[in-house]
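Residues per chain are reported as follows:
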Amino acid sequence: MDSNVKRSLTLTRRTFTQSFATGAVGLWIAGPNVLRAESVFSPGKELIVHSDDPPNAEPSLDKLVASPLTPLNHFYVRSHGTTPKIDTASFRLSVEGLVEKSLQLSLEQLTEQFRKRTVEATLTCAGNRRNEHSLIKPVSGVPWGAGAIGNATWGGAVLSEILKKAGIKDGAQHVWFEGVDEIQHGGEIIGFGGSIPLDKALADTGTMPGALVAYEMNDQPLLPDHGFPMRTVVPGYIGARSVKWLGKIVVSDRPSPNHYLQDAYKIITTDDPQQLAAADPVYEFPINAATCTPAANAKLKSGELLVQGYALPPGLPGRTIAQVELSTDGGKTWSSAKFTTPTKPFCWRLWQAKLAVSPQTTQLIVRTVDSAGEMQPANVDWNLKGYLFNAWHRTPIQVAS
């Protein structure tokens, strides 16, 4: 077992007081010599639990539109193995590969040697809305509804600044991320990992870094289920590229050989090895929108109905959500929603609309359009893993006279 993975998860008082906001104290239990993190993963309480071990859960959709920033206890949890318990006293983030100088960074060094950048960005699982994909043809995997998505502020060190301190050698093209979690796969134990193109890692702007090594979420220390003590956050990319429990960064001339980049998270239609090998890894998330209230199959009265939801632009630079439209007659006519949150790069926009419904209204449909004119598709093609489902979101309702 990796020396970083221990039976206890501790954080020294010195690191805590230097590194984290006082508002985080409510999430920590003080002991004689340590502060011990508590998980927000509470099966059967705040989240809809798909599995306990590994922990996979999502919020009910009404929780997502209650706030522009998703509270930690309503943020979806996606894991492939047991949540590791990490001793921060011995923990080090390794930076190696095609660099001039390898680095070994403790959490304290990361917070002291690199300026903290705080950004707002939306994370979404590639399998979000997979349960709808299964209506076309069954797929395997966590049966996510439309709640495997969340929006948060992330605090941490800019990845490009870490890489520049290490010194990037000629020939570098990709940056690998390796977690310290332990996953049973194919008869062996592996860690979750992946990589992003170096160009993405260096694509910092005045409003958004290309990627972040985050240790805070909504101004509080990361919780275990969300990657404590540190994780990557890659704005615009599917959640699988924002590796939790980050233990190693490798600068390389090629993509990561990790299973979760080379084999998983690819769009394929058969289990043919040649098709899998030829398929490109999924990076950017697609344009998407969903209705969050009313809930599916809600029993409603005729009259004016308040409808709320989210809309996500594609994870491409400069793309934002421009319009959200709703239909109560199967897509024959459409009306526009009003946004309740501003435009921000790589972030969702929450919206609402008041619609007239009657006993003849059996379904609400929502679609969105981005700033480049790309419209959410009415339908999508089936794929074996049920990834990137982004067809018009349809909510069945029952309206009494």
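Predicted model only: the values in this text are computed from it and were never measured.

Q: Mind laying out the overall build of the protein chain, listing which residues take part and the relevant values?
A: Of regular secondary structure, the protein chain possesses eight helices and 26 strands. By residue count, 55% of the 401 residues in the protein chain fall in the buried class. Put simply, of all contacts in the protein chain between residues at least 6 apart along the chain, 72% involve residues at least 24 apart. For the protein chain, the computed accessible surface area is about 16,500 Å², with 50% contributed by carbon and sulfur atoms.

Q: Give a description of the pattern of salt bridges that names residues and reports values.
A: Proximity of charged atoms lets side chains of opposite charge pair with each other. Scanning the model with the defined rule gives 11 salt bridges in all. K248 is the salt-bridge partner of E178, the closest N and O atoms lying 4.0 Å from each other. With a gap of 70 residues between them, E178 in strand β10 (residues 174–179) and K248 in strand β17 (residues 246–252) connect regions that are remote in the sequence. Since its relative accessible area comes to 25%, E178 is described here as partly exposed. Take K248: its relative accessible area is 27%, and that puts it in the partly exposed class. Sharing partners across several salt bridges, the network here consists of E96, E178 and K248.

Q: Before we move on, can you summarise the nonpolar core with the specific residues and values?
A: The nonpolar side chains of soluble globular proteins are, as a tendency, buried together. Counting 57 residues, the largest nonpolar core has L159 and I249 as its most contacted members. Ranked by the residues each element gives to this core, the list is headed by helix α5 (residues 159–166), at four residues. The next biggest cluster of nonpolar side chains, apart from the first, holds 22 residues, and it includes A148, M208, L222 and F346.

Q: Any chance you could break down the sheet that holds strand β22 (residues 335–336) for me, citing the residues and the numbers?
A: Taken in spatial order, the five strands line up as β19-β26-β25-β21-β22 in an open sheet, and their pairing is mixed. The open sheet terminates on both sides in strands that have one partner only, identified here as β19 (298–301) and β22. Pairing geometry for strand β21 (residues 321–327) and strand β25 (residues 363–370), over six bridges, is antiparallel. Considered in β25, the bridge of I321 is made with D370.

Q: Describe the sheet that holds strand β18 (residues 288–293), and please don't skip the residues or the numbers.
A: Strand pairing in a sheet takes place through backbone hydrogen bonds and is either antiparallel or parallel in direction. Pairing within the open sheet is antiparallel, and its four strands lie in the order β18-β20-β24-β23. Every interior strand has two partners, whereas the edge strands, β18 and β23 (338–339), have only one. In the sheet, strand β20 (residues 303–312) pairs with strand β24 (residues 349–357) via nine bridges, with the strands oriented antiparallel. Bridge pairing in β24 places V307 opposite A353.

Q: Residue-level account of the packing of aromatic side chains, with values.
A: Summed over all chains, the structure comprises nine aromatic pairs. Between Y76 and W144, the ring centres sit 6.2 Å apart and the planes meet at 80 degrees, which makes this aromatic pair edge-to-face. Separated by 68 residues along the polypeptide, Y76 in the loop between α2 (61–64) and β6 (93–97) and W144 in the loop between α4 (130–136) and β9 (149–158) bring together distant segments of the chain. Residue Y76 is classed as buried on the basis of its relative accessible area of 6%. Put simply, the rings of F75, Y76, W144 and W154 touch in pairs and so form one group of aromatic residues. Positioned over the ring face of F346 is K200, at 4.7 Å from the centre of the ring. Sitting over the ring of W334, R367 keeps its end group 3.8 Å from the ring centre.

Q: Requested: an account of the side chain of H174, with residues and values cited.
A: Position of H174 among the secondary structure elements: in strand β10. A residue is classified by how much of its surface remains accessible, and H174, at 13% relative accessible area, is buried. Not counting residues up to four positions away in its chain, the partners in contact with H174 are I196, P197, L198, V250, V251, S252, D253, R254 and P255.

Q: Tell me what's going on with the side chain of N258, and back it up with residues and numbers.
A: When you line up the elements, N258 lands in the loop between β17 and α7 (259–262). Setting aside residues no more than four positions away along its own chain, N258 makes contact with G191, F192, G193 and G194.

Q: Any chance you could break down the environment of Q363 for me, citing the residues and the numbers?
A: When you line up the elements, Q363 lands in strand β25. Given a relative accessible area of 25%, Q363 falls into the partly exposed group. Sequence separation between Q363 and Q398 is 35 residues, and the spatial gap between their C-alpha atoms is 8.2 Å. Excluding residues that lie within four positions of it along the chain, Q363 makes contacts with S327, T328, R394, T395, P396 and I397. At 3.3 Å, the side chain of Q363 forms a polar contact with the side chain of R394.

Q: Residues and numbers for the confidence of the model for the protein chain, please.
A: Looking at the protein chain, pLDDT values average 90 and 89% of them are 70 or higher. Contacts of residues 1–38 to residues separated by more than four positions or lying in other chains number 91 contacts, the stretch itself having pLDDT below 50.

Q: A description of the pairing of β24 should follow, citing residues and the corresponding values.
A: Relative to β24, β23 is paired through two bridges, and the arrangement is antiparallel. Across the sheet, F339 pairs through a bridge with W351, a residue of β24.

Q: Let's hear about α5: which residues, and what values?
A: What α5 keeps buried is the set L159, S160, I162, L163 and A166. One side of α5 holds all its buried residues, which, seen down the axis, span an arc of 160 degrees. Looking one or two residues beyond α5, the residue adopting positive phi is G167, at roughly 85 degrees.

The rules we used
Residues numbered from 1 in each chain as written. Predicted model: local features only at pLDDT ≥ 70, side-chain atom pairs only at ≥ 80, totals over all residues. Heavy atoms only, no water. Helix = DSSP H or I, 4+ residues; strand = E, 2+ residues; numbered from the N terminus. Buried < 20%, exposed > 50% of the residue type's maximum accessible area, 1.4 Å probe, protein only. Contact = heavy atoms within 4.5 Å. Areas by Shrake-Rupley, 256 points an atom, 1.4 Å probe, with all protein chains shown as cover. Salt bridge = Lys/Arg side-chain N within 4 Å of Asp/Glu carboxyl O. Core = buried A, V, L, I, M, F, W, Y, C linked by side-chain atoms within 4.5 Å. Pairing = 2+ DSSP bridges. Phe/Tyr/Trp six-rings, centres within 6.5 Å; stacked < 30°, edge-to-face > 60°. Lys NZ or Arg CZ within 6 Å of the ring centre and 35° of its normal. Polar contact = N/O pair within 3.5 Å; in protein donor to acceptor, adjacent residues only side chain to side chain. pLDDT = per-residue confidence, 0-100. Arc of directions from axis to C-beta.

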